[in-house]
Structure formats: C-alpha cells, structure tokens
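Summary of structural features
These are the residues of each chain, in order.
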Amino acid sequence: MQAQMQQDSKIQRLLSQLNTVIVGKPQQVSDCVACLLAGGHLLIEDVPGVGKTTLAHALARCFGLQFARVQFTADLMPTDLIGVSIYERGREAFVFHPGPVFAQVLLADEINRASPKTQSALLEAMEEKQVTVEGETRALPQPFFVIATQNPHDQLGTYALPESQLDRFHMRLSLGYPDRAAERELLRGQDRRELIDSMPPALDADELARLQRAVAEVHTAEPVLDYLQDLVNATRSGRWFLQGLSPRAALAVVRAAKAQAFLQGRDYVAPDDIAAILPQTTAHRLIPVRDAGRGPLEQVRAMLDAVPLP
C-alpha cells in the first residue's frame with residue numbers, strides 16, 4: 001500500500017511539473033505521459049509557436065533521461081542522426097562516432113522538414129531499438145523514445161511522413177492555441193525554457209522501468225478486448241476508412257489504454273479508456289473514405305459514436 005502511494009505521488013508530481021510548463025493543456029499532458037509509460041514514441045503536430053518543442057524538452061527533463069535534440073532540415077543526412085565511422089591514424093582503424101540517436105530521448109524537432117531518406121533512417125531505431133551501421137548492429141540505450149514535432153503539411157518546406165514512419169509513432173497529439181486565461185498566465189509568467197532548466201527530474205530510468213512494468217500488468221477483460229476488436233473491424237469495413245488498422249496498431253491502443261487506466265489509479269482497463277485514447281493512437285494511421293467530408297480525427301470520433309459500448 002505504501003509503495004502504491006509513493007508511486008501515485010510521483011506520478012502526480014510529474015503531471016504537476018509538466019502542467020506548470022504547458023499551461024492549460026492537462027489532457028494533452030496526460031496523453032503524453034501515457035504514451036511514454038506505454039513505451040511508445042510520440043508525435044506532436046501543430047503550428048509553430050504553441051509549445052511543441054517546449055513540451056518535448058519538459059518531458060525529457062521530468063523523466064530524468066539523457067536526451068539529444070536534432071533540428072530536422074532539408075539537408076540533414078542519415079549519418080547526422082546515426083553516426084559515422086572515421087579513420088583514426090593513431091589506432092590505424094575506423095572508429096565509430098555515434099550520432100544523437102544514441103540517447104534515451106531523441107527530440108526530433110520539425111521532423112517533416114527533413115527528406116524521406118533521412119526520416120527513414122529512424123525506422124529501425126524506433127521499431128527494433130537498434131541501428132545497423134556499415135553492416136554492424138548496435139543497440140540503443142534503454143529506454144529509448146523519439147519525441148518528434150512537426151508542422152502542418154500545408155506549410156512551406158515540409159515533407160509528408162511516410163506511412164511506415166507514421167505507424168512507428170504510438171500517438172499523435174495536437175496542442176492547439178491556449179485559452180485566454182492560460183495565455184494571460186504565459187504572458188505574465190516566467191520564460192518556459194527557464195522553468196524547464198530549473199525543474200528537478202520527477203523520475204529516473206529505474207523508476208520509469210518499474211512504472212512501465214506496472215502498466216503492462218494492468219488487466220484487460222475479455223469484453224473490453226471484444227469492444228476493441230469491434231472498433232478495429234469497423235476501420236477495416238470500408239465504410240469509414242480506405243484501409244483498416246493493423247494488429248500492431250491494435251496493440252498500441254491496448255498499451256495506451258492500460259497507461260490511461262494506470263494514470264487514473266486503476267489496475268483494469270475500462271471501455272471508456274479505449275474510447276478516450278483511440279483517436280490519438282489511430283487517426284494518424286488512417287485515411288477517411290473519399291466522401292467522408294471529415295478529417296481522420298473527426299472520422300475516428302464519428303466511428304466511435306457508431307460502434308456500441310459493450
């Protein structure tokens with residue numbers, strides 16, 4: 001019981017610290033934490049200046065993990081991410097110099113400004129937690145997260161992320177503009193980056209690993225899995241989307257729902273957890289049918305309304 005109380009206290013402190021930096025977005029902050037507790041990679045998409053990079057920095061800081069930030073640009077090369085072998089005369093051999101991907105948290109800022117070739121360099125890292133350089137496979141640090149930000153596709157100088165890249169992201173979120181009260185607090189308050197620099201880590205790598213194991217043990221009853229499979233089958237019916245969700249996407253929903261339930265202090269997943277987390281975990285993997293008249297997020301929500309709860 002005492003261990004459970006200490007665990008809940010650490011989670012509340014973590015959420016409180018993040019909500020101090022990202023004002024007025026408690027649901028998005030909670031979803032970000034759920035994504036990382038589920039062991040997934042996070043994509044934050046929005047217009048410039050609403051706090052995407054600040055949130056990514058704050059997440060890395062609060063989780064007490066080693067992190068590296070890369071500004072993705074059109075001329076960024078795969079070796080700039082992964083690393084390169086350089087011949088050293090003193091050793092009379094090629095020595096591998098690791099790139100920023102060899103960090104526990106990689107902040108990929110404006111990921112869709114890099115070319116598809118550079119984006120594809122992350123595929124093995126995000127799925128297998130390893131990279132292959134010049135025929136040699138090298139393991140990445142544990143844990144390993146990619147927290148990426150991207151600007152809307154209609155902005156100049158952006159490339160659409162390939163479907164295989166999008167599928168590697170556990171969750172995609174949008175912050176949106178702050179409301180009037182939150183924006184007033186931002187205008188009056190301390191610079192967000194200074195707040196991050198002065199913020200002590202709420203967890204360390206070992207504590208995070210324990211929390212992730214606890215999330216994995218959250219119970220999912222058979223009726224809840226029936227509900228999830230009903231939703232997955234609805235995406236594959238051809239009525240809502242051109243192509244349905246893959247089994248990997250369904251597993252991502254389960255892990256995110258377990259994390260959602262865990263953050264609310266429960267050791268079981270409820271159908272509401274599935275419904276609450278489904279848009280964030282699936283909309284970026286789906287393309288609505290041509291006559292839908294809605295974007296992917298709105299189409300997922302419409303489908304949720306049409307599929308009955310168990």
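Structural notes, computed from the coordinates.

What counts, and where the lines are drawn
- Residues numbered from 1 in each chain as written.
- Predicted model: local features only at pLDDT ≥ 70, side-chain atom pairs only at ≥ 80, totals over all residues.
- Heavy atoms only, no water.
- Phe/Tyr/Trp six-rings, centres within 6.5 Å; stacked < 30°, edge-to-face > 60°.
- Buried < 20%, exposed > 50% of the residue type's maximum accessible area, 1.4 Å probe, protein only.
- Lys NZ or Arg CZ within 6 Å of the ring centre and 35° of its normal.
- Core = buried A, V, L, I, M, F, W, Y, C linked by side-chain atoms within 4.5 Å.
- Helix = DSSP H or I, 4+ residues; strand = E, 2+ residues; numbered from the N terminus.
- Contact = heavy atoms within 4.5 Å.

All right, on to the packing of aromatic side chains then. Summed over the entire model, instances satisfying the criterion amount to two aromatic pairs. Summarising the aromatic geometry, the rings of Tyr87 and Phe94 are spaced 5.3 Å apart at their centres and angled 65° between planes, so their arrangement reads as edge-to-face. A ring pair is formed by Phe96 and Phe102, whose centres lie 5.8 Å apart and whose planes are at 70°; its orientation type is edge-to-face. As far as burial versus exposure is concerned, Phe96 and Phe102 are alike and both buried. Lying over the aromatic face of Phe96, Arg138 brings its terminal NZ or CZ to 4.0 Å of the ring centre. If you follow Arg266 out to its NZ or CZ, it ends over the ring of Tyr268, 5.3 Å from the centre.

One broad trend across soluble globular proteins is that nonpolar side chains are buried collectively. Within the largest apolar cluster, 72 residues are counted, with the highest numbers of intra-cluster contacts made by Val33, Leu37, Leu42, Leu59, Phe63, Ile147 and Ile274. Ranked by residues supplied to this core, first place goes to helix H12 (residues 247–263) with ten residues. Each residue touching Phe63, except ones within four places of it in the same chain, is listed here: Leu14, Val33, Leu36, Leu37, Leu203, Asp204 and Leu208. One finds Ala108, Ala121, Ala148 and Phe169 within the second-largest nonpolar core, a separate group that totals 26 residues.

The values are spatial; any link to function lies outside them.
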